[in-house]
Amino acid sequence: MPRAKSVARKKLVSEPLLDVHEIQGNILAGFNKDHQRLVGLRIRGVAEARKWLARILPHVSSLAEVYQFNALFRLRRSRLGRDPVCLVASWMNIAFSRDGLAQLTSDSDAAALPDAAFQIGLTKDRADLLGDPTPGGETDPTARWVIGGTNHPVDILMILASDDKTRLDSLVVQLRPAPMDGLSAPEIIWEEQGETRTDLPGHEHFGFKDGVSQPGVRGLISRRPRIYLTPRLLKAPGTGEIAFAKPGQPLIWPGQFVLGYPFGDRDGAMQPAPPLGRAWFKNGSFLVFRRLEQNVAGFSAFLKAEADRLSKTAGFPGISAEHLGALFVGRWPSGAPVSRTPGGDNPDLAADSLSNNDFLFTEDTPPPVFLPGVGVTAGTFPRAMEGSKGPVCPHAAHIFKVNPRDSATNLGPDFDTLTRRILRRGIPFGTPLTSLEDDGASRGLHFLSYQASIVDQFEILQQNWANNTGAPTSGGNDLIIGQTKTAARTMDLPSLVPSQGGEKISAPVEWVKPTGGGYFFAPSIGAIRGVLAVG
Amino acid sequence: MPLAITVTSRATPLSPPNGASRLSKDFDDGVAGANAKLVAHGGGTCQFYNPVTHGLTGADVTPASAGEITWNGFPRKFLGTAPGGAADFAGAEPTLTSGHSRNQDEYLEWHVTRNGSGKITSVEFTCEGYDYYEFLGREAADILLGLYQKFISPAVRHADLFTGAQYQKLNRWNTADGAMHLTQQANNLFAEVILAAEATVRRRDAVGREVTAAIPLTKCSQFGDARRNSDPTIGSGVNGFARQGRMITLANPVGLYIDHLDDAGFRLPGDLPVDGWFQILRGTPAHTLRAVFAPPRGAAFTVSDVTIGGIPIKFGGQIAQNITMRLTGVASVANNVQNTPIPCEGAGGAVHTAIAVAASRLPTRGAS
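Quick notes on the rules
- Residues numbered from 1 in each chain as written.
- Chains lettered and ligands numbered in written order.
- Predicted model: local features only at pLDDT ≥ 70, side-chain atom pairs only at ≥ 80, totals over all residues.
- Heavy atoms only, no water.
- Helix = DSSP H or I, 4+ residues; strand = E, 2+ residues; numbered from the N terminus.
- Buried < 20%, exposed > 50% of the residue type's maximum accessible area, 1.4 Å probe, protein only.
- Contact = heavy atoms within 4.5 Å.
- Areas by Shrake-Rupley, 256 points an atom, 1.4 Å probe, with all protein chains shown as cover.
- Rg over C-alpha atoms; globule rule 2.2 N^0.38 Å.
- Lys, Arg positive; Asp, Glu negative; His and termini not counted.
- Charge placed at Lys NZ, Arg CZ, Asp CG, Glu CD.
- Buried area = accessible area lost by both parts, 1.4 Å probe.
- Salt bridge = Lys/Arg side-chain N within 4 Å of Asp/Glu carboxyl O.
- Polar contact = N/O pair within 3.5 Å; in protein donor to acceptor, adjacent residues only side chain to side chain.
- Pairing = 2+ DSSP bridges.
- Core = buried A, V, L, I, M, F, W, Y, C linked by side-chain atoms within 4.5 Å.
- Phe/Tyr/Trp six-rings, centres within 6.5 Å; stacked < 30°, edge-to-face > 60°.
- Lys NZ or Arg CZ within 6 Å of the ring centre and 35° of its normal.
- Disulfide = S-S within 2.5 Å.
- Expected span 1.5 Å × (residues − 1).
- Axes fitted to C-alpha atoms, helices over the stretch in contact; angles between N-to-C directions.
- Parallel < 35°, antiparallel > 145°, perpendicular 65-115°, else oblique.
- Nonpolar A, V, L, I, M, F, W, Y, C, P; charged D, E, K, R; others polar.
- pLDDT = per-residue confidence, 0-100.

**Focus: the overall build of chain B**
The secondary structure content of chain B amounts to 10 helices and 15 strands. Each of the 368 residues in chain B was classed as buried or not, and the buried ones make up 58%. Taking as baseline every contact in chain B between residues at least 6 positions apart, the subset at least 24 positions apart corresponds to 73%. As presented, chain B carries roughly 13900 Å² of accessible surface, and 54% of it is formed by carbon and sulfur atoms.

Encoded structure:
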């Protein structure tokens, strides 16, 4: 019937076609490389900066390129049963601070970008808001940063990545400003290499698998054939419920990560793209960079001492340091969620991408209902049964604090939580610590996240939730990344024995310390070509 | 041992038995309302109880799990919609005149005082329900007047607050010239008790699945306003306890409280901190009913000189955005009660919230 056909067609085109040749590739697809170099630049001469930009423009990797390579990589890996080592790609993306953009365009152009935090920049005021410490008693938390902040402002941040370290080195040499770009070409003020851990691939330095949970971004790579950026494996939910691409991966409208697209509001309704102050803002995204140094020895020592103490209590008999760490994080070192395997780690669960993120915090998690014909099945691991038992995963566990899932929060319902999600693209830096003693080396995480609003997304997660004992729900601070200036951080730990009371953990020391960073805007490739590189 | 209920404003010299009796009746009304809904659908055990009269003994009444439910004090409806969209701070605190309530609906209201230059000199916050003050107006007018004179202005007179014997909650000292207590219609203590009571009732949707998510549950149960930070969060938290089979009541002393102000990022010129600027005026640190953000005596700055994350304060709402509110529920050990979820109220159309019902049942004889 024509009417039904019309309705069906309307539903099919409801997600926007993404400008795959305009959006930088790391934003929505993610480089996912084992080797990644960050290069911080200062603009010295605007003309030379533009000239250099024009030179490197063809090397700015697009969503189309990165998406297609990642798809090929997955395809090869599924056939080989391991990573295809011969399949190598090298990418580069670029982002600009507010000052950097103002120099290359105009102050009024830069001022029209819609984010208050970006406008101010990650200097002392915003660092203070984030609760960043002042170890030397300074008033400026960024005073001792090695990059960014008040003393080392960055105008341009390059992200270069490759599957092959040697090729990455070549790419860096090829693309960073060089004498041929002129004496006043942008100055390299800092660069640092990030590396996937060879001993524990995908794990951060505390030893936990990182990056397991990423939102699924809506939008089409192409209309014909119809290819979604995020493959759909699950049946559509009922009215008023959150839609998921695969178990544990909610679908979020692209306007929450890239400017110029529809977004979901706090009640879950799709809203049209908001108007932009400049046409060239479209397809751009705000980038947060934080150089987070990790005190691995201190963290391990605290876990051991605190586990020793707790293990003698009635509520936590025999608890190990690894178990306590899992409660701090909400996942075991392998990445297996505490909610699904509360008694111990389960590497098989961690390795099952259809199961390792499939859990709720407030409710008993129902089994996934896959679309007919997708040809996948999730492992038969125990379901998360939070709703029947009370909290299994502590509400101050890191993964709860930054993504409370189905739990209502201080800011509203689960739909509001979707508006806080970010796309994380971090990678460890420094060599892993191989002993229990601190070796004095600098190691940690190059935290990188993309979002449409730094204020409403990244800063809410850090300031309003991780740092706050009473939010997103009551339960204490995030002991992994939470920061407080006035008191020791605390965490309410539910008892492991149902009839016993819980414990309040007090952590006087912060093991993750910001030592650099900045707020940036990653413009579209067309904006670099047509605006930034030409003035 | 049953808990004793004391009135929210226990710091006042008001005779507790009177206030406690009134509040106990609120609990009884809540139990009756929740019970009626269960009975209408085949019965069950009401999971909300009045701790004064319930008479439960043993483990069932042990406060094995105290659940703090928190929410942000700035009204959600004034937030920007799009990512990075600015909040409508001006809309949240328009110039108010007598007879008009504030449109601040997160159980936190505030009054901004400015000097002749338009600079903010203080922002006073309150979270006390108006029903308590109406109760005072009927039972202890002198105490009511004393509170206004202490916290708002010594110039307040009885005639400013009353028309005859009737307390006018929207008098000038609680609207244009101050904020003694909450004014928004839904911001009352009775509504809080009713909301908690009705949220203990488990619900199912049209196809028989239990309703658990905050917004669908709020709409299904019609126990509050789904557009607020507070109501869905409170209802969802309480209902979560109910689904675990617990008996539930509200912690003593019953009330909604200012949990804390997060002043990270608050700075004065010269990078000075705002130590001492946020003061509790009424209540205790654990149960804060009234607070002010203002320069300490002798300070050279005004509130307008303070920046939050580098952004100057122009509205009281910017401070409210950093205030966490709190309600504490008390729940018994789990798996004591296994009620069958009942259908939603009505057929998902007309807004008929328990709070509106509660408000209509209050003895609101004040100006409207």
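That shown, we press on.
**Describing the overall build of chain A**
For chain A, the count of helices and strands is 17 helices and 19 strands. Computed over C-alpha atoms, the radius of gyration of chain A comes to 23 Å, within 12% of the 24 Å expected from 2.2 N^0.38 for 535 residues, which places it in the range of a compact globule. Counting only residues that meet the buried cut, chain A has 58% of its 535 residues in that class. In chain A, the proportion of contacts linking residues at least 24 apart, taken out of those at least 6 apart, comes to 71%. Put simply, chain A shows about 20800 Å² of open surface, and 55% of that area lies on carbon and sulfur atoms. In chain A, 57 side chains carry a positive charge and 54 a negative one; their mean positions are 8 Å apart.

**With respect to the interface of chain B and chain A**
If you look at the interface, chain B gives 39 residues, while chain A gives 46 residues. Here chain B and chain A share an interface that buries about 3100 Å² over both sides, 46% of which is from carbon and sulfur atoms. The largest contributions to the chain B side of the interface with chain A come from Arg 76, Pro 83 and Arg 267 of chain B, which together make up 18% of the buried area. Where chain B meets chain A, there are five salt bridges. Our count for the chain B to chain A interface comes out at 19 residue pairs in polar contact (both at pLDDT 80 or more).

**Considering the sheet that holds strand β10 (residues 249–252) of chain A**
All names here are of chain A. Strand order in this open sheet of three strands is β6-β10-β9, and the pairing throughout is mixed. Both outer strands of the open sheet, β6 (216–217) and β9 (244–246), are each paired with one neighbouring strand and no more. Where β6 lies against β10, two bridges are found, and the strand directions are parallel. Its bridge partner lying in β10, Val 217 is registered against Ile 252.

**Thoughts on the nonpolar core**
Taken as a class, soluble globular proteins show a tendency for nonpolar side chains to be buried jointly. All names here are of chain A. Within the largest apolar cluster, 95 residues are counted, with the highest numbers of intra-cluster contacts made by Leu 53, Ile 94, Met 158 and Phe 328. In terms of residue count, the dominant contributor to this core is helix α10 (residues 296–310) (seven residues). Residues contacting Phe 328, with those up to four places away along its chain left out, are Phe 299, Phe 302, Leu 303, Ala 396, Ala 397, His 398, Leu 479, Ile 480, Met 491 and Ile 505.

**Some remarks on the packing of aromatic side chains**
Summed over the entire model, instances satisfying the criterion amount to 27 aromatic pairs over all chains. An aromatic cluster is built from Phe 118, Trp 280, Phe 281, Phe 286 and Phe 521 of chain A, whose rings are joined through pairwise contacts. Just above the ring of Tyr 130 of chain B sits the side chain of Lys 169 of chain B; from NZ or CZ to the centre is 3.6 Å. Lying across the ring of Tyr 107 of chain B, Arg 228 of chain B places its NZ or CZ 4.8 Å from the centre.

**Here's the deal with the pairing of strand β19 (residues 512–522) of chain A**
Residues and elements named next belong to chain A. Within β19, 10 of the 11 residues are buried, which leaves the element mostly enclosed by the surrounding structure. Where strand β3 (residues 147–148) and β19 come together, two bridges link them in parallel fashion. Residue Gly 148 lies in a different strand from β19, and its bridge partner there is Gly 517.

**Notes on the state of the cysteines**
What we call a disulfide is simply a covalent bond connecting the sulfur atoms of a pair of cysteines. Residues and elements named next belong to chain B. Applying the stated criterion across every chain, the model contains one disulfide over all chains. For Cys 220, the disulfide goes to Cys 344, at an S-S distance of 2.1 Å. Where Cys 220 bonds to Cys 344 through sulfur, the torsion about that S-S bond is close to -100°, and the disulfide is left-handed. Within this pair, whereas Cys 220 is found in helix α7 (residues 214–221), its partner Cys 344 is found in the loop between β15 (342–343) and α10 (354–361), the two being separated by 124 residues in sequence. Of the residues examined, Cys 344 reaches a relative accessible area of 27% and is grouped as partly exposed. The cysteine Cys 46 is free of any disulfide, with Cys 220 supplying the nearest cysteine sulfur at 17 Å.

**Points about helix α8 (residues 230–243) of chain B**
Residues and elements named next belong to chain B. Here α8 is 14 residues long and its end C-alpha atoms lie 20 Å apart, about the 20 Å a rise of 1.5 Å per residue gives. Most of α8 sits out of view: 13 of its 14 residues are buried. Directly beyond the C-terminal end of α8, a positive phi value near 80° is found at Gly 245.

**As for the environment of Glu 109 of chain B**
All names here are of chain B. The topology assignment puts Glu 109 in strand β2 (residues 109–114). Taking the C-alpha atoms as reference, Glu 109 lies 22 Å from Asp 305; in sequence the two are 196 residues apart. Within the structure, the side chain of Glu 109 is placed 2.8 Å from the backbone nitrogen of Thr 183, a separation counted as a polar contact.

**Topic: the packing of helix α3 (residues 130–139) of chain B against helix α4 (residues 141–151) of chain B**
Residues and elements named next belong to chain B. Interaxial distance between α3 and α4 falls to 6 Å at its minimum, and their mutual angle equals 130°. As judged from the angle between their axes, α3 and α4 are oblique. Note on element contacts: α4 touches α3 through Ala 141, Ile 143, Leu 144 and Leu 147, opposite Tyr 133, Leu 136, Gly 137 and Glu 139. Residue composition of the contact of α3 with α4, by class: six nonpolar, one polar and one charged.

**Considerations on the packing of α10 of chain A against helix α11 (residues 321–329) of chain A**
Residue and element names in this part refer to chain A. Look at α10 against α11: their axes get within 8 Å of each other, and the N-to-C directions meet at 105°. When the axes of α10 and α11 are compared, the pair comes out roughly perpendicular. The residues of α11 that touch α10, namely those facing Phe 299, Phe 302, Leu 303, Lys 304, Glu 306, Ala 307 and Leu 310, are Ala 321, Leu 324, Gly 325 and Phe 328. For the contact of α10 with α11, the per-class residue count stands at eight nonpolar, one polar and two charged.

**Observations regarding the pairing of β2 of chain B**
Looking down a regular strand, the side chains alternate between one sheet face and the other. All names here are of chain B. As paired elements, β2 and strand β3 (residues 120–126) share six bridges and run antiparallel to each other. What sits directly across from Trp 110, in β3, is Phe 125. Taken together, β2 and the strand that follows it, β3, pair antiparallel across an intervening segment of five residues, in which Gly 118 is found at a positive phi of about 85°.

**Considerations on the confidence of the model for chain A**
Here chain A averages 94 in pLDDT, and 97% of its residues register 70 or above. Low pLDDT, under 50, characterises residues 1–13 of chain A; the stretch is placed with two contacts to residues that sit more than four places away or in other chains.

**As for helix α6 (residues 189–199) of chain B**
All names here are of chain B. The buried fraction of α6 amounts to 11 of the 11 residues, a majority that puts the element mostly inside the structure. Buried residues of α6: Leu 189, Phe 190, Ala 191, Glu 192, Val 193, Ile 194, Leu 195, Ala 196, Ala 197, Glu 198 and Ala 199, and no others. The distance from a side-chain oxygen at the start of α6 to the backbone nitrogen of Phe 190 is 3.3 Å, and the residue carrying that oxygen is Asn 188.

**What about the sheet that holds strand β9 (residues 266–267) of chain B?**
On the basis of which strands lie adjacent, the open sheet formed by three strands has the order β9-β12-β13 (chain B) and antiparallel pairing. With one partner strand each, in any of the chains shown, β9 and β13 (311–312) of chain B form the two edges of the open sheet.

**Describing unusual backbone geometry**
Here Arg 224 of chain A and Pro 225 of chain A are connected by a cis peptide whose omega angle stands at 0°. Tracing the chain through its elements places Pro 225 of chain A in the loop between β7 (220–222) and β8 (227–228).

**So, the pattern of salt bridges**
In total, this model carries 50 salt bridges over all chains according to the counting rule given. A salt bridge links Arg 37 of chain A to Asp 169 of chain A, with the shortest nitrogen-to-oxygen separation between them at 2.8 Å. Taken together, the residues Arg 37 of chain A in strand β1 (residues 35–42) and Asp 169 of chain A in helix α9 (residues 165–175) connect sequence positions 132 residues apart. According to the relative accessible area criterion, Arg 37 of chain A is buried, its value standing at 13%. Here Asp 259 of chain B and Arg 326 of chain B are joined by a salt bridge, their closest N and O atoms 2.9 Å apart. Highlighted residues: Asp 259 of chain B in strand β8 (residues 257–261) and Arg 326 of chain B in strand β14 (residues 323–331), separated in sequence by 67 residues. The exposure class of Arg 326 of chain B is buried, given its relative accessible area of 6%. Among the charged side chains, a network of salt bridges with common partners joins Lys 124, Asp 128 and Lys 485 of chain A together with Arg 267 and Asp 271 of chain B.

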